[in-house]
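# Topology and contacts: notes
Chain by chain, the residues:
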Amino acid sequence: MMRLVWKISFLCCLFIIGSICSQAQGSALPEWTQGTLDIHHIHTGRGDAAFFILPDGTTLLVDAGDMSESHPRTLSVRNAPLMPNSLKSAPEWIVDYIRQFAPANGRNALDYALITHYHDDHFGQMDARRKQAEVGQYYLTGITGVGHLIDIKKILDRGNSYPIDLKDSKIQQKLRKDDAYGMIVTLQNYWSFIDYQSRTNGLLHETIEPGRANQIKLVVTPQEFPDFQIRNIAVNGIIWTGEGIDTQALFSSVEYSGENPLSICIKLSYGAFDYFTGGDISGIDSHGGTDLASVESQIAEVIGPVDVATLNHHRNRDSQNVFYVRTIRPRVWIQQNWSSDHPGEEVLRRITSETIYPGERDIFSTVMLQANKDVIGERLDAYKSQNGHIVIRVAPGGSSYEIFILEDTNDARAIKSKHGPYESK
């Protein structure tokens, strides 16, 4: 009799779980509510963009990728198409997404925008097709396109003076010789945007300072959420030591090793929940081994174990070294990608290896191209989801979280699947 009761109870549980799952699929994502933390990893096919709704309704956009629609790389089969379609530009789709999911009183303004570094798939790319703003001497691409459509109250970036002065004409001339994706002209456009918006609309502009935990803060009702914090871990290769706001520099003031290792890295904490994102930092040396002098290796112990981490450099093969993976050991990995270079098969081996760190881990990707499937094959079965916007929804107080995958082929953005709940560490 007890066995029969147990079987009935078990079947009822399966029915309830099935009902919840079926209700989730195809339905709209429930609106954000006070105390909840939402992190939306938006897929446009043109680079990174992550929209945060913090527990009190403060909003933050991290990056606004917008690779040129006229560049051969963008249009090749190695790259993802513009999503959900080409009726709008990437920044227009980012704003459309924000306005769909932002709190009702915050759909026309962002409290913060953060640019991790100056690459096209993170802040935009100038070309002859970009439209000029109706007023102001700037063109619409990436973050300038977003900021033209929706007010940004404060924009944060890595600055322009360290490790080299990017506004120095001689340095610009030198960098232009190997500037295939128009970083210098895009930077000049970005600075024009900041200048105009600062003079006319009150935009505030700050350089991220490593070690600080109050540069990105709650602005609506911060007193209600004392256990929420965003810590600046690294910028420009300057690393927070974990003590006060003390830092150490990996590069000299005249050493420019490219944009990726200069990326801004931040750690978000809400109660027991921890999340890390680090732009395009890497940790693998030229021979394929762990580089203990890399940004990944130097920040790993300062970050410590987290619940969720985005994959550095879109999970390119130069990233996620063994020491870094073992040290931060997230329960969930998020891959924001756009190319068949992402993921590297060897990176997949590292992040799924239970000899590097034990326990379950789930992997979610915004897109997976056919070239990856052809080459990597069944190893990609390790992913819980390979296509769609990825939303992390953290419960009030931070004790648990869920993952929602939203449809990216249209602007309805209905739920494709739901995962969790996961218990925060």
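What counts, and at which threshold
- Residues numbered from 1 in each chain as written.
- Predicted model: local features only at pLDDT ≥ 70, side-chain atom pairs only at ≥ 80, totals over all residues.
- Heavy atoms only, no water.
- Helix = DSSP H or I, 4+ residues; strand = E, 2+ residues; numbered from the N terminus.
- Areas by Shrake-Rupley, 256 points an atom, 1.4 Å probe, with all protein chains shown as cover.
- Lys, Arg positive; Asp, Glu negative; His and termini not counted.
- Charge placed at Lys NZ, Arg CZ, Asp CG, Glu CD.
- Polar contact = N/O pair within 3.5 Å; in protein donor to acceptor, adjacent residues only side chain to side chain.
- Pairing = 2+ DSSP bridges.
- Axes fitted to C-alpha atoms, helices over the stretch in contact; angles between N-to-C directions.
- Contact = heavy atoms within 4.5 Å.
- Phe/Tyr/Trp six-rings, centres within 6.5 Å; stacked < 30°, edge-to-face > 60°.
- Buried < 20%, exposed > 50% of the residue type's maximum accessible area, 1.4 Å probe, protein only.
- Expected span 1.5 Å × (residues − 1).
- Salt bridge = Lys/Arg side-chain N within 4 Å of Asp/Glu carboxyl O.

## Some thoughts on the overall build of the chain
Scanning the chain from terminus to terminus reveals eleven helices and 18 strands. Surface exposure of the chain reaches about 17900 Å², of which carbon and sulfur atoms provide 52%. Side chains of the chain carry 40 positive and 51 negative charges; the gap between the two charge centres is 2 Å.

## Describing the side chain of serine 319
For serine 319, the position within the fold is in the loop between strand S12 (308-310) and helix H9 (322-328). Polar contacts involving the side chain of serine 319 include one to the main-chain carbonyl oxygen of asparagine 316, which spans 2.6 Å.

## Describing the sheet that holds strand S13 (residues 332-335)
Read from one edge to the other, the open sheet built from nine strands follows the order S9-S8-S7-S10-S11-S12-S13-S14-S15, with strand pairing classed as mixed. Two strands bound the open sheet, and with one partner strand each, they are strand S9 (247-249) and strand S15 (383-385). Pairs of neighbouring strands in the sheet enclose a mean axial angle of 25°, with direction left out of account. The pairing of strand S10 (residues 265-270) with strand S11 (residues 273-277) spans five bridges and is classified as antiparallel. In the strand pairing of S11, lysine 267 is matched with phenylalanine 276.

## A word on the environment of phenylalanine 51
If you trace the backbone, phenylalanine 51 turns up in strand S2 (residues 50-53). For the pair phenylalanine 51 and phenylalanine 101, spaced 50 residues apart in the sequence, the C-alpha separation amounts to 9.3 Å. In contact with phenylalanine 51, other than residues within four places in its own chain, are Asp38, Ile39, His40, Ile42, Thr59, Leu60, Leu61, Ile98, Phe101, Ala102 and Leu110.

## Points about the sheet that holds S2
With respect to topology, nine strands assemble into an open sheet ordered S6-S5-S4-S3-S2-S1-S16-S17-S18, the strand pairing being mixed. Two strands close off the open sheet at either side, each with one partner strand: strand S6 (204-207) and strand S18 (415-423). Going from strand to strand, the sheet's axes swing by 15° on average, the running direction of each strand aside. Of the pairings in the sheet, the one linking S2 to strand S3 (residues 59-62) comprises four bridges and is antiparallel in character. Residue pairing in the sheet places phenylalanine 52 in a bridge with leucine 60 of S3. Against the sheet, helix H3 (residues 90-101) contacts strand S1 (37-41), S2, S3, strand S4 (109-114), strand S16 (389-394) and strand S17 (400-406), and its axis sits at roughly 20° relative to S2. In the packing of helix H7 (residues 183-201) onto the sheet, contacts are made with strand S5 (151-157) and S6, and the angle to S5 comes to roughly 130°.

## Some details on the packing of aromatic side chains
Summed over the entire model, instances satisfying the criterion amount to eleven aromatic pairs. Ring plane angle 50° and centroid distance 5.9 Å describe the contact between tyrosine 138 and tyrosine 196, whose orientation is recorded as tilted. Here tyrosine 138 is found in the loop between helix H4 (120-123) and helix H5 (143-149), whereas its partner tyrosine 196 is found in helix H7, with 58 residues between them in sequence. As far as the burial class goes, tyrosine 138 and tyrosine 196 line up, both buried. With a centroid separation of 5.0 Å and an interplanar angle of 15°, the aromatic rings of tyrosine 401 and tyrosine 422 are classed as stacked.

## Thoughts on H7
The end-to-end C-alpha distance of H7, which contains 19 residues, comes to 26 Å, matching closely the 27 Å that a straight helix rising 1.5 Å per residue would cover. Turning to H7, its buried residues number three or more, namely Met183, Ile184, Thr186, Leu187, Asn189, Tyr190, Trp191, Phe193, Ile194, Tyr196 and Gln197. Residues of H7 that are buried sit in contact with H4, H5, S5, helix H6 (169-176) and S6. The positive-phi residue at the C-terminal boundary of H7 is glycine 202, with phi of around 75°.

## Side note on the pattern of salt bridges
Applying the stated criterion across every chain, the model contains 19 salt bridges. Between aspartate 38 and arginine 393 there is a salt bridge whose closest N-O contact spans 2.6 Å. Pair noted here: aspartate 38 is in strand S1 and arginine 393 is in strand S16, with a separation of 355 residues, a long-range link. Between arginine 349 and glutamate 345 there is a salt bridge; the shortest N-O distance is 2.8 Å. With arginine 349 and glutamate 345 both in helix H10 (residues 345-352), this residue pair falls four residues apart, about one helical turn. Given a relative accessible area of 44%, arginine 349 falls into the partly exposed group. Overall, glutamate 345 belongs to the partly exposed group, its relative accessible area being 24%.

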